[in-house]
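Remarks on the overall topology
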2 protein chains.
Amino acid sequence: MEVRDATEQDWPQIWSLMQPVLAVGDTYAFPPDASEQDARVWWTGKPFGRVFVATLDGVVVGTAELHPNGLGPGVHVANAGFMVDPRRRGAGIGRALGEHVLAEARRDGYSAMQFNAVVATNRGAIALWESLGFAIIATIPEAFRHPTEGLVGLHLMHRTL
Amino acid sequence: MEVRDATEQDWPQIWSLMQPVLAVGDTYAFPPDASEQDARVWWTGKPFGRVFVATLDGVVVGTAELHPNGLGPGVHVANAGFMVDPRRRGAGIGRALGEHVLAEARRDGYSAMQFNAVVATNRGAIALWESLGFAIIATIPEAFRHPTEGLVGLHLMHRTL
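Basis of the calculations
Residues numbered from 1 in each chain as written. Chains lettered and ligands numbered in written order. Predicted model: local features only at pLDDT ≥ 70, side-chain atom pairs only at ≥ 80, totals over all residues. Heavy atoms only, no water. Least-squares fit on C-alpha atoms with pLDDT ≥ 70 in both. Contact = heavy atoms within 4.5 Å. Pairing = 2+ DSSP bridges. Helix = DSSP H or I, 4+ residues; strand = E, 2+ residues; numbered from the N terminus. Axes fitted to C-alpha atoms, helices over the stretch in contact; angles between N-to-C directions.

Once that is clear, we can look at the relation of the copies chain A and chain B. At an RMSD of 0.0 Å, chain A and chain B line up after a rotation of 180 degrees and a shift of 0.0 Å along the axis. A rotation of that kind, with that shift, is consistent with a two-fold axis. Looking at the rotation axis and the C-alpha trace of chain A, the residue lying nearest is Ala138(A), at 2.8 Å. Residue by residue, 100% of the interface of chain A is reproduced at the interface of chain B, so both copies engage with the same surface.

With that out of the way, let us pick up the sheet that holds strand S2 (residues 50-56) of chain A. Within a sheet, adjacent strands bond to each other through the backbone by hydrogen bonds, running parallel or antiparallel. Residue and element names in this part refer to chain A. The strand order S1-S2-S3-S4-S5-S7-S6 describes an open sheet built from seven strands, whose pairing is mixed. In this open sheet, the two strands that pair with only one neighbour each are strand S1 (2-5) and strand S6 (135-146). Each adjacent strand pair in this sheet contributes to an overall mean axis angle of 25 degrees, direction not counted. Where S1 meets S2, four bridges bridge the pair, whose relative direction is antiparallel. When the bridges of S2 are listed, Asp5 appears paired with Phe52. Contacts between helix H1 (residues 11-24) and the sheet are confined to S2, strand S3 (59-68) and strand S4 (77-84), with S3 contributing the most and set at about 80 degrees to the helix. Across the sheet, helix H4 (residues 123-131) lies against S4, strand S5 (112-119), S6 and strand S7 (150-160), angled at about 15 degrees from S7, the strand it touches most.

Written out as structure tokens, the structure reads:
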């Protein structure tokens, strides 16, 4: 597996794994039926953002994005998002992306990283982030309408870098 | 004092109070030297956002914006921002805006409101939000570079509606 900065040419493959992840609607506070253009702006258009892909044999199997959680006086804290091809779950792709993004965030000079909305039912993601040094510092109650579980909490997760 | 929905015509007056608030750099994770256009997109351009003004004798003395904190499965939780003309502090403008925005958020069907980044040194704002029913549910450590206090925390504040 290779993890590298994404290029314009990667977008169609990023979208092909992102669209089904969004459609399920159980991990991101973003419209399950988002248009390709809206999703592209959301994932790749954040101020000072970077986008990464994980590839296997040249095929994009996961993506991540890294950006400052705030600007100006808040620009030293990073935020990031991650998606793995649903057909490739459990293969260590999320962990490889997570380790790469943490290293790049450190190189870029961020002093901490926070995730604002980790769905409380997303146990795989929570376990991964805890194993990578993140802690849940708050749970926003009933902040996410899960497609099958109803209203569930969103965790704020944080770690220093 | 009147609090009402903002119009296009209000923008120059909104900017004239926003620019000095941003320039001090002690309340918002946004560039102190932001351009008028960037500030306008930030304050008025959020998906499904609404903008309000407080006026005294027809002059804009404060502004607020209300928008969903997330989209799709997170669209039922509101987020909001508030600014008062620095020359008019202590006159109840923030409270009037806060009460108005809470009422409008309820009318719009939101079930809760959260603030993601209340600067821990901003004691006036914290006291106001606590008096309006918000609780601090987390403090993100050293997430804000205060112009005179150094690195300070950012509070996540929340209330149901």
